[in-house]
Amino acid sequence: MKPAAFTYHRARDVEGAARLLAELGDDAKVIAGGQSLVAMMNFRLARPAHLVDIGGLSGLDGLRTDAGGALHIGALTTHHAVETAPPEVLGAGFAVLRDAMRWVGHLPIRTRGTVGGSLAHGDATAEWCLLAVLLDAELVARGPDGERRIPAAEFFHGYYTTALEPEEILVEVVFPRPAPYAALTEFAERRGDFATVSAAVDLEPADGPEGAEDSGREGEPELVGGGGRFRAARVALGGVAALPVRVPEAEEALVQGGPYGPELYAQVAAVAAESVDPPSDANGSAHYRRTLIRTLVAHACEEAMSR
Amino acid sequence: MTGPTPGPATPVRREPGEPGKSREPEVTAPQGLLDEDRPAETARPGPEHSGHTAPAREDRPWIGASVGRREDPRLLSGNGQFTDDIDLPGMLHAQFVRSTVAHARITALDLTAVRQVPGVVAAFDAQDLSLADITARLGRPLTEFVPTGMPVLAREKVRYAGEPLAIVVARDAYAAEDGVEAARVGYDSLPPVVSEEQALAPDAPLVHDEASANTLLDVSMFATEGIDGTFDEAPCVVHVETRTGRQNALPLETRGVVAGWDHREEQLVLRTSTQVPHQVRTTAARCLGLDERAVRVVVPDMGGGFGQKCVVGREEIAAGAAAIRLGRPVKWIEDRKDALTAAFLAREQHYDVRAAFDAEGHILGLDAAVVCDMGAYSCYPFTAGIEPLMASAEMPGVYKVPAYRVRARAVTTNKAPTAPYRGVSRPQYVMVMERLFERAARELKLEPTEIRRRNLITQFPYTGVNNVTYDPGSYLESLNLCESVLKEEGWYAAKETAAAQGRHLGIGYSCFSERTGYGSAAFAQRKMEVVPGFDISEVRMDTSGALVVTTGTMSHGQSHETTLAQIAADELGLDIGKVRIHQGDTDRITYGWGTFASRSVAIGGSAVRLAAGKLGEKLIAIAASVLEVPPDELELGPGLVRRPADGRTVSYEELADIAYLKSHLLPKDTEPGLTATASFDVLNDGTFSNATHGVVVELHEGTGQVEILRYVCVEDCGVAINPKVVEGQTRGGIAQGIAGALFEQVTYDEQGAPSAVSFMEYKVPTALEIPEVSIHHLETPCAFTETGAKGVGEGGTIGAPGAVLNAVNDALLPTGVELDDTPVTPQTVAAALEHTS
């Protein structure tokens, strides 16, 4: 479990790193936290001839909210930094991101692993990939020819493959709007493992705050009466396909059904379970994964609405 | 100077956290317990004892105290030295070319390209090194046991994916792995034998040509007369068939060795992570064709072993041979991938067992068939018989079983070979027995605890149908206490409440005893050709009155540096700070059997006490000469010898001064120096620790998750030398037992390729999956050991699977589904719960 020989390059800036990647071609890999790549290299499943380390670059970490209410997270931000971000940086509108971090590996992994690394690695059950798909995030990539923004829906192509070009570096992920009624939950045999199935929802109650400012929990209007229906809903699943997927049938069921409550969530979860075609593998049969979907989608809805 | 009694002879309950504080006995003494007033010489039917000279009780504060681990300061501050921490001048690094297929004839093995890889210094295959095979034997006829040689490096044939073919030695571990990749191996594939069913199928391909039907051991034992009639006529017959998953003992520190030739001593020094230093020495000498004195095994700090390191590893020998050939030290550290796929494994067993009961729930007979999938080779020195022989000899366990029949087999398959793993078959057969009793209780409409009470052995000593004699224990008392704890805490009520809410709570128990301190008699009964049993201890006091105790046992996490020091300190009235334990160096003790089978405190601890006692006699003899009084007027005190009659004392320092520096003052027949050596063996059936485990689980319907809500263990290991250490052993053991019951399984694909190659697939539980365990102590002192202690290393692991599985099945009762195979995974539980209306 020692990696094959490689040449190590330490990048001074994004542009330099991108130029280097363009020069080195397919033989090069970007490394930041190294939490997935190093393990693969130690197994010699990955054998890059060159590593371009962007870990030391400045300006690629941290969270900031722009004037339009979108949350920008630098690619080098660690999972732990998100998990521990203070409310003035990560408000109630994005609490789902903070809460989801408890599912990412274990503490040592969260203190080294980066948001950008997780997205670029593209594991089908990774929490960041699921959140990006759920919340219509945009991924900002910079290459020798400049910057481009890739919608999450077009970013993930399948197992460990993404829209990133070999010479591009993921620099930022942008979550365009607050999602005060969103939640992510998952199940694995052991805590900290990649999920057998993960489920995330983003709900917009008709009587909830429309386009709520990211202003923290206080001052949020309470959900009262009003028939209890959803104006819009997003449901996404991990661990059921080669990439995280939205489940339009379940989203439709959430908007059409009502009033909201455990009964609706159970119905919607059942719709979700029947709308996907999960694989059978060592972690669980398709049948078992459907059982998990029924449980987890309902739990996610309840957690989202309890915010 | 009569010997001290080890403690109250009735089992007494100790509160958790109050070690050594005895309360009124809450249970009555089972008959047959020894009268504490009888002198030790007659009370102890063990081997011949030296006269004890131990100080008065008040000067012996150490046994029974939760002394902080003396290992901890260095380990917790990063100053431990493990095998991988060793870095010698000129040291090279080894890795092994391993078979990538499960079963094949080797048509070619070309290391030319390996030797050209930059950084590679040498590569050797079996032909280059020509080492003798490692062959484990039993003294049984070929109809019962077939010996099969295990080559240090495979030649002609490979028998599992991961089998070592060649050793590559390089300037660093990276280059060594590059070299491994460059090896060219030609295979002529043979059909793989991947399961017990395939092994036993007619016309199955043979793993070893000499072992027909792929059977290495086949014994039928006991067969009580009339047992068939018993089953025919019994009002209740229950059946359990179970398959238990293959497991890896998984020490945190993987196996490893640093081998080097010492020119001054003309000796190969193997610094290796092993539980059995002397067996490695004996085997290495034989394989290498050296006199045994030309091999020295030194064991650095160890990060666990659990049995995986109580057998001789092929890699240790190969690294030694390479070091001799190259004249440079060679280090091999097993990486985690090899540890998961190519190290010694354990536990894959198949039980098919029936039990007959009368209408009142008394067991009438037990009829068992056991098949153990031992993988590709017999481990040395225990052989592939280790698991089936343990299961067949001891299955009746804590119950009064009047009739018994068992057939036990070891089959060989194209999977990594197996070694003893903490508990050795007992986690499985105890689970089977406990499932049988639960099942009978259901059929006979008895409380599961009540049917056990009707069958537990309560009269001691008890000789079972399996010809094993059980020394006194607290079988019934531990069950009663465990049950009352769960009742008092309200778990029975909680279960009813949960059921009313549609939730699935279950309560399960397991009762067992564990033979510890296997002496040579017990191993000889298994017909081992290499018969472990005794251990030797040497004590040496220096001129400063400090004591070095050398032991043949080998702590790999069990805190022997603490507990053995407690024993020696008490025996000589020394402060524990004056006692240092030395272990793991074959040049410093005549011979030792290391640490396995919960033997160290029972046997090694007894040897320590005897040796210290002998030294005490010598101290008294010298003091008698100094004080000019007869020795029997003297006694040991704290660091001194005193004469109670007039209060005169001589300190150990003064006595040591005479023994070493003023030897002209020694009595005429006394040799200079202050040393003593003693050996100890258990000459009967050993001593049985016992425990009851009680578990409450909740099954979660939407995920199938098994959540352990409560875990209670009532254990009795006789005199607990260090209660905190006992609890540590118990908790760690329980974690491994839960791992087997719910999480871990070594898996293979149809071609015999390992499919659990990392911790993503091999699901060792983490601290987050293991519940808190509360431990209650009972104490039935052992009459056969010098301290009253019984072994405690394995009990936790033995008790957990049965209790967990019974709790799971109790929760599943409304579904009508029963789960008997391990591990019980969430997917299995979720499927079972679908049967809930």
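Keep in mind the model is a prediction, meaning the values are calculated, not measured.

Reading guide: rules and limits
- Residues numbered from 1 in each chain as written.
- Chains lettered and ligands numbered in written order.
- Predicted model: local features only at pLDDT ≥ 70, side-chain atom pairs only at ≥ 80, totals over all residues.
- Pairing = 2+ DSSP bridges.
- Helix = DSSP H or I, 4+ residues; strand = E, 2+ residues; numbered from the N terminus.
- Axes fitted to C-alpha atoms, helices over the stretch in contact; angles between N-to-C directions.
- Contact = placed C-beta atoms within 7 Å.
- Nonpolar A, V, L, I, M, F, W, Y, C, P; charged D, E, K, R; others polar.
- UniProt positions renumbered as here; feature names shortened; annotations may be inferred.
- Parallel < 35°, antiparallel > 145°, perpendicular 65-115°, else oblique.
- Left-handed = near helix turned anticlockwise from the far one by under 90°.
- pLDDT = per-residue confidence, 0-100.
- Core = buried A, V, L, I, M, F, W, Y, C linked by C-beta atoms within 7 Å.
- Buried ≥ 20, exposed ≤ 12 C-beta atoms within 10 Å, placed from the backbone.
- Domains from an automatic or database assignment.

Re the sheet that holds strand β3 (residues 50–53) of chain A
All names here are of chain A. In spatial order, the strands read β1-β3-β2; together these 3 strands make up an open sheet with parallel pairing. This sheet does not close on itself; its edge strands, each paired only once, are β1 (7–10) and β2 (28–31). Neighbour to neighbour, the strand axes of the sheet diverge by 25 degrees on average, direction disregarded. Note that β2 and β3 share 4 bridges and pair parallel. When the sheet's bridge partners are listed, Lys29 is paired in β3 with Leu51. Sheet strands in contact with helix α1 (residues 14–24) are β1, β2 and β3, and its direction is about 170 degrees off that of β3.

Section: the environment of Gly506 of chain B
Residues and elements named next belong to chain B. Position of Gly506 among the secondary structure elements: in strand β21 (residues 504–516). For the pair Gly506 and Lys495, spaced 11 residues apart in sequence, the C-alpha separation works out to 6.7 Å. The contacts of Gly506, once residues within four sequence positions are left out, are Val697, Ala807, Val808, Asn809, Asp810 and Ala811.

With respect to the interface of chain A and chain B
The partner chain B presents 21 residues to the 17 residues of chain A that form the contact. If you tally residues by element for the side of chain A that touches chain B, the top one is helix α11 (residues 286–305) of chain A, at 5 residues. Grouping the amino acids of the side of chain A that touches chain B by side-chain chemistry returns 7 nonpolar, 5 polar and 5 charged.

Digging into the UniProt feature "domain: FAD-binding PCMH-type" (unreviewed entry) in chain A
Mapped onto this numbering, the UniProt entry gives "domain: FAD-binding PCMH-type" (unreviewed entry) at residues 1–180 of chain A. Counted over residues 1–180 of chain A, helix gives 29% and strand 24%. Its end C-alpha atoms are 44 Å apart.

Brief notes about the sheet that holds strand β25 (residues 635–637) of chain B
Residue and element names in this part refer to chain B. Pairing in this open sheet of 3 strands is antiparallel, and the strands run β25-β26-β27 from one edge to the other. In this open sheet, the two edge strands, each paired with only one partner strand, are β25 and β27 (648–651). Neighbouring strand axes in the sheet, compared pairwise and without regard to direction, differ in orientation by 35 degrees on average. Note that strand β26 (residues 640–643) and β27 share 4 bridges and pair antiparallel. Note on β27: the bridge partner recorded for Arg642 is Thr649.

A look at the packing of helix α9 (residues 248–256) of chain A against helix α10 (residues 262–275) of chain A
All names here are of chain A. Contact geometry for α9 and α10: axes closest at 8 Å, N-to-C directions at 160 degrees. What the angle tells us is that α9 and α10 run roughly antiparallel. In terms of crossing hand, the pair formed by α9 and α10 is right-handed. Contacts from Glu249, Ala250, Ala253 and Leu254 in α9 reach Gln267, Val268, Val271, Ala272 and Ser275 in α10. In terms of residue class, the contact of α9 with α10 is built from 6 nonpolar, 2 polar and 1 charged.

Notes on the confidence of the model for chain B
Residue and element names in this part refer to chain B. When pLDDT is averaged along chain B, the result is 93, and 94% of the positions lie at 70 or above. Segment residues 1–9: pLDDT under 50, and 29 contacts once partners within four positions in sequence are set aside and those in other chains are kept. Low confidence marks residues 15–51, where pLDDT is under 50. Its contacts with residues over four positions away, or in another chain, come to 71 contacts. Scored as a whole, the predicted complex attains pTM 0.93, and scored at its interfaces, ipTM 0.93.

Re unusual backbone geometry
For the bond from Gly258 of chain A to Pro259 of chain A, the omega torsion is -5 degrees, close enough to zero to count as cis. With respect to the element layout, Pro259 of chain A can be found in the loop between α9 and α10. Cis peptide bonds are those with omega within 30 degrees of zero, and the linkage from Thr822 of chain B to Pro823 of chain B qualifies with 0 degrees. If you trace the backbone, Pro823 of chain B turns up in the loop between α21 (795–811) and α22 (826–833).

Some points on the nonpolar core
Residues Val297 of chain A together with Ile167 and Val168 of chain B are the most contacted members of the largest nonpolar core, which totals 290 residues. Each of domain 1 (1–54 + 61–178) and domain 2 (182–305) of chain A accounts for three or more of the residues forming this core. Setting aside anything within four residues of it in sequence, one finds Val168 of chain B in contact with Ala94, Gln95, Val97, Val114, Val120, Ala123, Ala176, Gly179 and Val180 of chain B. Counting residues in hydrophobic clusters, the runner-up holds 59 residues, among them Ala54, Leu615, Ala659 and Cys717 of chain B.

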